[in-house]
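# Observations on the model geometry
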Amino acid sequence: MNVTALASLCASVFFFVCFLLFSCFNYKAKFRSNYDIRNHFPYELNYELRFADNLFGNIALVLSLIGSVFFFIFFSPDKSNGLLIFTLISGVIVAFDVGLIIFVPIKYLRAHMALDVFLFTFGFLIPCAGGVAGLLAYNSDAKLPHLVMAILLLIDAFIQFIVIMNPKLTRMNKMSQVTSDDGTITYIRPKYYVLAFSEWLLIFIYFISQILLMILLSF
């Protein structure tokens, strides 16, 4: 087991959880409402805020993504395996992409959608390449854990494929307008914003892919 990769992975997951906790508490204090990943975009945790306005959350995010980069750099001692090198490159790209998605609002539509395309594409390719690498490892050494982890990685990729191919993905849901007895108009978000929820799902799956890769390469 690669101790450096394991430590980097643990740090990455830990700091990402810290980022979510700090940022959600900060969001509630700032906007007087709860943050819900089902209908809020990741960037809304920092919407119209300076980096320092969500200081602890953003520092935790940066540390988490640095941990992910180090994980992919060190997760495999085999630097000659083309599939694992491809996984390394994809993983580093997604780390930078996630960092940008959490700061670039949807009002910059082209930039935000370009970042989504990178997240969808390279996030999907990580478990694909890792799963195929696991199958090849199983063919050469017949270790059952390699087969099991390869299957899990390919299931991971399949779930991402379903998320990406959702026909409602590009549909922008509208808020419901509610008028109170005194004439005050309030807007209520739908229970789900498909694109926002999909971004969160793929970010979470990115970390799951890292865990699966770590287990795969531990045998």
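A brief report on the enclosed structure follows. (Residues numbered from 1 in each chain as written. Predicted model: local features only at pLDDT ≥ 70, side-chain atom pairs only at ≥ 80, totals over all residues. Heavy atoms only, no water.)

## Some points on the side chain of Asp156
Structurally, the position occupied by Asp156 is in helix α5 (residues 144–164). We classify Asp156 as buried; its relative accessible area is 6%. Here Gln160 takes part through its side chain, which lies 3.1 Å from a polar atom of the side chain of Asp156. (Helix = DSSP H or I, 4+ residues; strand = E, 2+ residues; numbered from the N terminus. Buried < 20%, exposed > 50% of the residue type's maximum accessible area, 1.4 Å probe, protein only. Polar contact = N/O pair within 3.5 Å; in protein donor to acceptor, adjacent residues only side chain to side chain.)

## Description of the packing of helix α1 (residues 3–31) against helix α6 (residues 194–216)
At a minimum axis distance of 10 Å, the contact between α1 and α6 shows a crossing angle of 160°. Accordingly, the angle class assigned to the pair α1 and α6 is roughly antiparallel. Handedness of the crossing formed by α1 with α6: left-handed. Each of Ala5, Leu6, Leu9, Ser12, Val13, Phe16, Phe19 and Leu20 in α1 lies in contact with α6, whose residues at this interface are Trp200, Ile203, Phe204, Phe207, Gln210, Ile211 and Met214. Looking at the contact of α1 with α6 residue by residue, the class counts come to 13 nonpolar, two polar and no charged. (Axes fitted to C-alpha atoms, helices over the stretch in contact; angles between N-to-C directions. Parallel < 35°, antiparallel > 145°, perpendicular 65-115°, else oblique. Left-handed = near helix turned anticlockwise from the far one by under 90°. Contact = heavy atoms within 4.5 Å. Nonpolar A, V, L, I, M, F, W, Y, C, P; charged D, E, K, R; others polar.)

## Focus: the packing of helix α4 (residues 109–141) against α5
Where α4 meets α5, the axes come as close as 8 Å, and the angle between the chain directions of the two elements is 160°. Here α5 runs roughly antiparallel to α4, going by the angle between their axes. Our pair here, α4 against α5, has a crossing hand that is left-handed. When its residues are assigned to classes, the contact of α4 with α5 shows 16 nonpolar, six polar and two charged.

## Concerning unusual backbone geometry
With a phi angle near 60°, Arg32 is a residue other than glycine that sits in the positive phi range. On the secondary structure map, Arg32 appears in the loop between α1 and α2 (55–74). A relative accessible area of 69% means that Arg32 is categorised as exposed. Even without being glycine, Ala142 reaches a positive phi, approximately 55°. Tracing the chain through its elements places Ala142 in the loop between α4 and α5. We classify Ala142 as exposed; its relative accessible area is 56%.

## Digging into the environment of Thr121
Along the chain, the position of Thr121 falls in helix α4. For Thr121, a relative accessible area of 35% corresponds to the partly exposed category. Taking the C-alpha atoms as reference points, Thr121 and Ser90, 31 residues apart in sequence, are found 8.9 Å from one another. A polar contact is formed between the side chain of Thr121 and the backbone oxygen of Val117, at a distance of 2.8 Å.

## With respect to a nonpolar patch on the surface
Together, Phe51, Leu55, Ile59, Val62, Leu63, Ile66, Phe70, Ile73, Phe74 and Phe103 line one region of the surface with nonpolar side chains, adding up to about 790 Å² of accessible area. Among the structural elements, Phe103 can be located in the loop between α3 (82–101) and α4. (Patch = residues over 30% accessible without salt bridge, like charges linked within 9 Å, V, L, I, M, F, W, Y side chains within 5 Å. Areas by Shrake-Rupley, 256 points an atom, 1.4 Å probe, with all protein chains shown as cover. Salt bridge = Lys/Arg side-chain N within 4 Å of Asp/Glu carboxyl O.)

## Looking at α1
One full turn of an α-helix is made of 3.6 residues, so residues set three or four places apart face in the same direction. The end-to-end C-alpha separation of α1 is 41 Å, in line with the 42 Å expected for 29 residues at 1.5 Å each. Every buried residue belonging to α1 is among Ala5, Ser8, Leu9, Ser12, Phe16, Cys18, Phe19, Leu20, Ser23, Asn26 and Tyr27, and all of these are buried. Those residues of α1 that are buried lie in contact with α2 and α6. Two to three positions downstream of the cap, the backbone nitrogen of Thr4 sits 3.1 Å from a side-chain oxygen, assigning the N-cap of α1 to Asn2. (Expected span 1.5 Å × (residues − 1).)

## Quick notes on the packing of aromatic side chains
Applying the stated criterion to the full structure yields 22 aromatic pairs. Summarising the aromatic geometry, the rings of Phe16 and Phe207 are spaced 4.5 Å apart at their centres and angled 35° between planes, so their arrangement reads as tilted. Residue Phe16 is found in helix α1, and its partner Phe207 is found in helix α6; the two are separated by 191 residues along the sequence. Pair check on accessibility: Phe16 and Phe207 agree, each one buried. Each ring, one from Tyr27 and one from Phe31, has its centre 4.8 Å from the other, and the planes form 45°; the classification is tilted. Of this pair, Tyr27 and Phe31 are both found in helix α1, four residues apart, which corresponds to roughly one turn of the helix. Overall, Tyr27 belongs to the buried group, its relative accessible area being 7%. Relative accessible area serves as the criterion here: at 36%, Phe31 is assigned to the partly exposed category. An aromatic cluster is defined as three or more aromatic residues linked by ring pairs; in this entry it consists of Phe16, Phe19, Tyr27, Phe31, Tyr35, Phe71, Phe72, Phe75, Trp200, Phe204, Tyr206 and Phe207. The side chain of Arg38 reaches across the aromatic face of Tyr192, ending 5.7 Å from its centre. (Phe/Tyr/Trp six-rings, centres within 6.5 Å; stacked < 30°, edge-to-face > 60°. Lys NZ or Arg CZ within 6 Å of the ring centre and 35° of its normal.)

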